Structures are given as structure tokens and as C-alpha cells.
Amino acid sequence: EKGGYDHFMLKEIHEQPDTIFDCLRGRLLAQSGQIMMSGVENHLDAFINAPRIIIVACGTSWHAGLVAEYLIEELCRIPVEVEYASEFRYRNPVVHKGDVIIAISQSGETADTLVALESAKENGAFIFGVVNAVGSSISRLSHAGAYTHSGPEIGVASTKAFTGQLAVLTMMALKIGFAKGTIDETRYQHLLVELEAVPEKVKEILKDTSAIERIAKKYKDASDFLFLGRGYNFPIALEGALKLKEISYIHAEGYPAAEMKHGPIALVDDQLPVVFVATKDSYYQKIVSNVQEIKARKGKVICVATAGDDVIPGMADDVMLVPDADEAIAPLLSVIPLQLLSYYVGLAKGLDVDKPRNLAKSVTVE
Ligand code: F6R
């Protein structure tokens, strides 16, 4: 049942070239420049005319929502708010008719997300579900939606469902932005081709994970980790920190890299591993300066970097390489080494990576 892998988590990480491919299959037609998503197509006006989009989710799905905020604001020019379902539902939020709510959930059963949607629906919002579990409560409550087609996720930590969510949300942003005319044709075509290339690039990352295993063993006894990123990679820093906490029980915090100097930098000493998501993008020079700031304080720097980068590997203590990609697509790649890092740290510590203590696969209590 684990397909020859020691744990479901490792199996599910390695399934990602296939699950992302399945998610894109029949939807992303890069050759003809089309995206076929009937749930979006049938409600295109709702999206195009939306005064704003509110994304509601919890945990890892909330991180996918943050990536979607960057995508939708860049490509569709629609203001986006990303809400923790539990906060959104209890504070009597302002929701108007015409507002579009995107709910993101692997299980489709998360109680906080479900109840948040029920009340927004009563207020006249249009509810779009990005869900993995077919026929689940959230998918039934939504007016329309798109499944992630990631297959059953057994490991408690979400991995392949997250990349499925990113793939769906990226296609949505591209489809809506193109229909709305807020993305130019060249960039649209370029991003379609880049998205289509993701399964092969993920395969490349997974081909040799020995460097990540070595890094995991080296840092497994650290008591704290900091994860930093900017732009599209900021939510990936948050996700890397969450994965490590869940699987290895090591305290970890994710931050936007530039926020570091507003407080967290006080934590840096020669014992603290700092993971930078530092792929080649429009923030690259800024991230290089942030790496220097940590090195100057003797922190241990581990970087997710772009293959071929000749600067970062000379500065960092350790690197985990990913293939080059457009920055809007990069999160689908840069998260993979962080999933593996948490897996191998948990493994090195002898922990039950598939069933971390205190966690449930779907949180059906409020
Ligand atoms: C993290 C994790 C949780 C879930 C969260 C939302 O690895 O699995 O943080 O992402 O409980 O669950 P869903 O997506 O099922 O609504």
C-alpha cells in the first residue's frame, strides 16, 4: 500500500510529478493557449466583476491561499484577502453580494472552513471550492469548484494536496487574468509552458535527495529553525516551517525575509539554522543581502537555490537545488525540498512521520 516506500509521507512526496500532471491533464492546453476549467468558465463573469476575492482556509491550505493572493493580484488585478477560516467566521466579517470566496481544503471537511462558508453563502457571496476529496462537505456547499485530483492523502502532513492546490490556483489566475485582459499574451503563453513543465522539474528534484538527507542529519538536533522568503516564496517559507514543526517537533518560524530585521534577527546565533527560499526571481538581490545579514551574525544558512546559481552556494552552509522556473511557478518547486527536509529530520529523530502526535488528518472540531 505504501508502494515500496517506508512511509505514506515519502510516497506522497514522490507521487507529485504524477499528481500535478493529473491535475493539469485535460485542463492546461499550452499548445493552443487554453485553460479548460468548467467551474471557472461557467462563472467567469463572477470572477471578472468581483470587487474582491476572499480566500478562506486553514493550515497548509491557507499557505496555498497566500500564494494565490500573489498570483491573482499580479495576473488578475483583483484585490485578494486571505483569511484563516477560524478568524473569519467568528468576527462577523463584512461580506457583500458579488464577493467571491475561494475555499481551499484537502479534506473538504474542515469544520472551521465549512462554517465560515455557510455564513458567507447566506450573505450572498459566490463560493468556489478548491478541494481534493470528491463529494466532501465543502465541495457540496460550494456553488462551483475545481478538484485538485491529487488522490487520497494518507500522511497527516499535507504534501501532494498542497502542490495540487497550487496547480489549480495558478490555472485559475491565468484563466481569469487572460479573460479579463490584465495579463499580456506573451506572459500568459510563457506561464502556460512553465506550468506544463512542472511535473518533469519535480521529477528532477526527486531524482537525488541525498543532499537533503545529509542536511537533515546535520541539523536534526537544532532546537529552533527560521524559514525566510520573499514574494512568491514567502508562503513557502511559512509552509516549510509548518512541515518541520509537525513532523520533527522542532520549533520553527516562517517570516518574510525583510521582516527579520524588525525582531527575529535577535534570535540569530551560531546555533540557529536559517532556511532561505532563495530561488532566482525579482527579489533575488534582496535575498542575497538577507543571507549576508545572517552570515554576519554567524547563523547557519541553508538555501533552496536555483540550479546554476553561482552566488548563493558560495555564501550558504548548505544548499538544496531546484530547476529554474518563472517566479509565479517557483513555489511548486521550492516547496519540494522543504517537504523532504522535514521528512528526513523526522526520520533521523525516529519519529512517526505519518502520524505526528496530537494531529488529526481532518479537523472536524471547531
Ligand atoms: C498541514 C496540514 C494541516 C491542514 C489543515 C487544513 O500539513 O495538513 O495544516 O492543511 O488542517 O486541512 P484541509 O486542507 O483538509 O482543510
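Residues numbered from 1 in each chain as written. Predicted model: local features only at pLDDT ≥ 70, side-chain atom pairs only at ≥ 80, totals over all residues. Heavy atoms only, no water.

Chemist: Report on helix α12 (residues 210–219), specifying residues and quantitative values.
Modeler: When we look at burial in α12, the residues that qualify are Ile 212, Ile 215, Ala 216 and Tyr 219. Buried positions in α12, seen along its axis, are confined to an arc of 105 degrees and lie on one side of it. Of the surrounding elements, those touching the buried residues of α12 are β8 (224–229), β10 (273–277), β11 (300–306), β12 (318–322) and α16 (331–348). (Buried < 20%, exposed > 50% of the residue type's maximum accessible area, 1.4 Å probe, protein only. Helix = DSSP H or I, 4+ residues; strand = E, 2+ residues; numbered from the N terminus. Arc of directions from axis to C-beta. Contact = heavy atoms within 4.5 Å.)

Chemist: Outline the sheet that holds strand β9 (residues 251–256), listing residues and values.
Modeler: Spatially, the 5 strands line up as an open sheet ordered β9-β8-β10-β11-β12, and their pairing is parallel. Across the chains shown, the open sheet's two edge strands, defined by having one partner strand only, are β9 and β12. With direction set aside, neighbouring strand axes in the sheet form an average angle of 20 degrees. Looking at chain direction, β11 and β12 are connected through 5 bridges and run parallel. Counted as the bridge partner of Ile 302 is Asp 318 from β12. Helix-sheet contacts for α12 involve β8, β10, β11 and β12, and the interaxial angle to β12 is about 150 degrees. (Pairing = 2+ DSSP bridges. Axes fitted to C-alpha atoms, helices over the stretch in contact; angles between N-to-C directions.)

Chemist: Describe the side chain of His 63, with residues and values.
Modeler: Relative to the helices and strands, His 63 resides in helix α5 (residues 59–76). If sequence neighbours within four positions are ignored, His 63 has contacts with Phe 162, Pro 235, Leu 238, Glu 239 and Leu 242.

Chemist: Before we move on, could you go through the pattern of salt bridges and cite the residues and values that matter?
Modeler: Tallied over the entire structure, the rule returns 18 salt bridges. For Lys 243, the salt bridge goes to Glu 239, with nearest N and O atoms at 2.6 Å. Separated by 4 residues within a single helix, Lys 243 and Glu 239 lie in helix α13 (residues 234–248), roughly one turn from each other. Overall, the relative accessible area of 1% leaves Lys 243 in the buried class. With a shortest N-O distance of 2.7 Å, Lys 295 and Asp 317 are connected by a salt bridge. You can see Lys 295 sitting in helix α14 (residues 284–296) and its partner Asp 317 sitting in the loop between α15 (312–315) and β12, a full 22 residues away along the chain. The exposure class assigned to Lys 295 is partly exposed, which follows from its relative accessible area of 30%. Each member of the salt-bridge network shares a partner with another, and the members are Lys 11, Glu 15 and Lys 160. (Salt bridge = Lys/Arg side-chain N within 4 Å of Asp/Glu carboxyl O.)

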